[in-house]
Amino acid sequence: MNHTLAAPTPPLGWNSWDCYGAAVTEAEIRGNADYMAEHLKEYGWQYITVDIQWYEPLAESSQYRPFVPLIMDEYSRLMPAENRFPSAAGGQGFKPLADYVHRLGLKFGIHIMRGIPRQAVHAGTALLGSEATARDIAHTNSICPWNTDMYGVDHNKEGAQAYYDSLFALYASWGVDLVKVDDIAASRLYDTHQPEIEMIATAIERAGRPMVLSLSPGPAPVEYATFFAEHANMWRVTDDFWDQWPLLLDMFDRCRRWQGIPTEGCWPDCDMLPLGHIGIRSVDGGGADRWTRFTKDEQLTMMSLWSIFRSPLIFGGELRDNDEWTLSLLTNREVLRMHRESYGAREALHQDDLIVWTADHADGSTYVAVFNVGEKAQLPVKLDLQLLGFASTAAIQGTELWSEALASLEGNILTTDVPSHGVRLYRFS
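Residues numbered from 1 in each chain as written. Predicted model: local features only at pLDDT ≥ 70, side-chain atom pairs only at ≥ 80, totals over all residues. Heavy atoms only, no water.

The chain has the name Alpha-galactosidase in an unreviewed UniProt entry, where Paenibacillus barcinonensis is given as its organism. If you open the UniProt record of the chain and go to Sequence similarities (unreviewed entry), you find "Belongs to the glycosyl hydrolase 27 family." Here is the UniProt Catalytic activity (unreviewed entry) comment for the chain, exactly as written: "Hydrolysis of terminal, non-reducing alpha-D-galactose residues in alpha-D-galactosides, including galactose oligosaccharides, galactomannans and galactolipids." (UniProt positions renumbered as here; feature names shortened; annotations may be inferred.)

Here it is in structure tokens:
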């Protein structure tokens, strides 16, 4: 099975972290899935992902409770907490919830932490498909600096691959379509955990079900781009991204470093879109229950940069609370076509507060995103399209994709105005 086939285009979906932290419930997952099926599926949105600690019965926010009992089966594998996910009763795991999501025509994802539960290691519990125990395969010095649930797995130990094989066989039996693995792409304590990434990629192959493999957190080292592309479908180029302008400004540098890497099945990931109603039970990012702190211009900037760069688009807000504006950001067919079908995105110009990205389309059209990252409006901006790489500007026409306004062109000169922290996103043909 070619792992790149799991994500031929950058995934579009929803993840529970930005609004519910570690404490999402089955009812909230089903409700967001219902919304996606009704309002977003026709635009290509499809993944519904349960983020961290679905196996922790008393999780209440994005603040983890350290060293607490977790729900686990007899083979050292974490299981959904039935008080939060009632359909998991009787050992059914996430299969009933995944079935529900699939009936809506959507795909189902889960978050896991790298490694094996510490409580399994301390108890020496069994592994499926191996005589070894959890204690035998644990790398007890390999820990996550911000969560106490797991020890790393020592790839040199007998039973290590069997453990990961048993995990992903279980997920395949549930009908999981995407697995976000955390504490693996980059680490404050260690380098990228390449041996565990390799074991996980092997386990997905053996499970026989296509699953998107998403690696977190970042920043993933760009010098490992080839390794990531060979083993995963998406990997974070940043630590957790929140609704703060300095983080968005920083993303321009990150995208420039990774330009040229996005390709079929392999997507550097700018992280989730903290849009709409977030922070309901997630207190990360410097704020509690709130609507995104990004201005409308900043929201357009984020959507335009993520889309022309071709990052996965994973919405973080409570979908059911979306207003018309937020929904419009997710349902612009021309922007989504650029995200799905363009190629060759690059930073074409960076002059003081003016940043211009371009990308191409097989139909011969060219996309141009004109960003103003400064504190004052740029009035007017005059861009020579030939300096941006246009071979010819004869009889060219352009449309601004968010406003649908025609581009102001005189010969090869584009004249536009760009608000502070804002963008003008064009398609020329």
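The discussion continues.
Caption draft 1: Representation of the overall build of the chain. A tally of helices and strands in the chain yields 12 helices and 21 strands. Radius of gyration (C-alpha) of the chain: 22 Å, near the 22 Å computed for a compact globule of 429 residues. Oriented by its inertia axes, the alpha-carbon framework of the chain measures out at about 75 × 40 × 35 Å. Among the 429 residues that make up the chain, the fraction classed as buried is 60%. Long-range contacts, defined as pairs at least 24 residues apart, comprise 73% of the intrachain contacts of the chain with a sequence gap of at least 6. Working note: accessible area of the chain is about 16,300 Å², and carbon and sulfur atoms make up 49% of it. Across the chain, the mean location of the 34 positive side-chain charges is 2 Å away from that of the 57 negative side-chain charges. (Helix = DSSP H or I, 4+ residues; strand = E, 2+ residues; numbered from the N terminus. Rg over C-alpha atoms; globule rule 2.2 N^0.38 Å. Buried < 20%, exposed > 50% of the residue type's maximum accessible area, 1.4 Å probe, protein only. Contact = heavy atoms within 4.5 Å. Areas by Shrake-Rupley, 256 points an atom, 1.4 Å probe, with all protein chains shown as cover. Lys, Arg positive; Asp, Glu negative; His and termini not counted. Charge placed at Lys NZ, Arg CZ, Asp CG, Glu CD.)

Caption draft 2: How the structure looks around the domain arrangement of the chain. Annotation of the chain at the domain level lists domain 1 (3-331) and domain 2 (346-428). Its C-alpha centre places domain 1 at a distance of 35 Å from the equivalent point of domain 2. Every contact between the two is made by 17 residues of domain 1 and, on the other side, 19 residues of domain 2. Buried surface at the junction of domain 1 and domain 2, both sides included, amounts to about 1,500 Å², of which 72% is carbon and sulfur. Where domain 1 touches domain 2, the interface holds 1 salt bridge. The interface formed by domain 1 and domain 2 holds 6 residue pairs in polar contact (both at pLDDT 80 or more) in total. At 9 residues, the largest contribution of residues to the side of domain 1 that touches domain 2 is made by helix α10 (residues 296-309). (Domains from an automatic or database assignment. Buried area = accessible area lost by both parts, 1.4 Å probe. Salt bridge = Lys/Arg side-chain N within 4 Å of Asp/Glu carboxyl O. Polar contact = N/O pair within 3.5 Å; in protein donor to acceptor, adjacent residues only side chain to side chain.)

Caption draft 3: Layout of empty space enclosed by the protein. For the structure shown, the criterion picks out 2 cavities of 30 Å³ or more. Put simply, the largest cavity is a space of about 120 Å³. Lining the largest cavity are 13 residues, and of these Asn 15, Lys 180, Ser 214, Met 234 and Ile 314 lie nearest its centre. Mapped onto the lining of the largest cavity, the elements with two or more residues apiece are β2 (47-50), β7 (178-182) and β9 (234-236). Of the residues belonging to the lining of the largest cavity, the class tally is 5 nonpolar, 4 polar and 4 charged. Counting only elements with at least two residues in the lining of the second largest cavity, the list comes to β3 (107-113) and α6 (160-174). For the lining of the second largest cavity, the element with the highest residue contribution is α6, accounting for 3 residues. In the lining of the second largest cavity, the residues fall into 9 nonpolar, 2 polar and 1 charged. (1 Å grid on protein atoms, 1.4 Å probe; cavity = no way out; pocket = protein on both sides within 12 Å on 5 of 7 lines; lining within 4 Å. Points joined across faces, edges and corners; volume = space filled by probe spheres on them. Nonpolar A, V, L, I, M, F, W, Y, C, P; charged D, E, K, R; others polar.)

Caption draft 4: Structural context of the state of the cysteines. Tallied over the full model, the rule gives 0 disulfides. Left without a disulfide partner, Cys 270 is nearest to the cysteine sulfur of Cys 255, which lies 3.6 Å away. For Cys 270, a relative accessible area of 0% translates into the label buried. (Disulfide = S-S within 2.5 Å.)

Caption draft 5: Up close: the packing of aromatic side chains. As enumerated under the stated definition, the model contains 21 aromatic pairs in all. Linked through ring pairs, Trp 54, Tyr 55, Phe 85, Phe 94, Phe 108, Phe 168, Tyr 171 and Trp 174 together constitute an aromatic cluster. Here the guanidinium or amino end of Lys 296 rests over the ring plane of Trp 325, the centre of that ring lying 4.7 Å away. (Phe/Tyr/Trp six-rings, centres within 6.5 Å; stacked < 30°, edge-to-face > 60°. Lys NZ or Arg CZ within 6 Å of the ring centre and 35° of its normal.)

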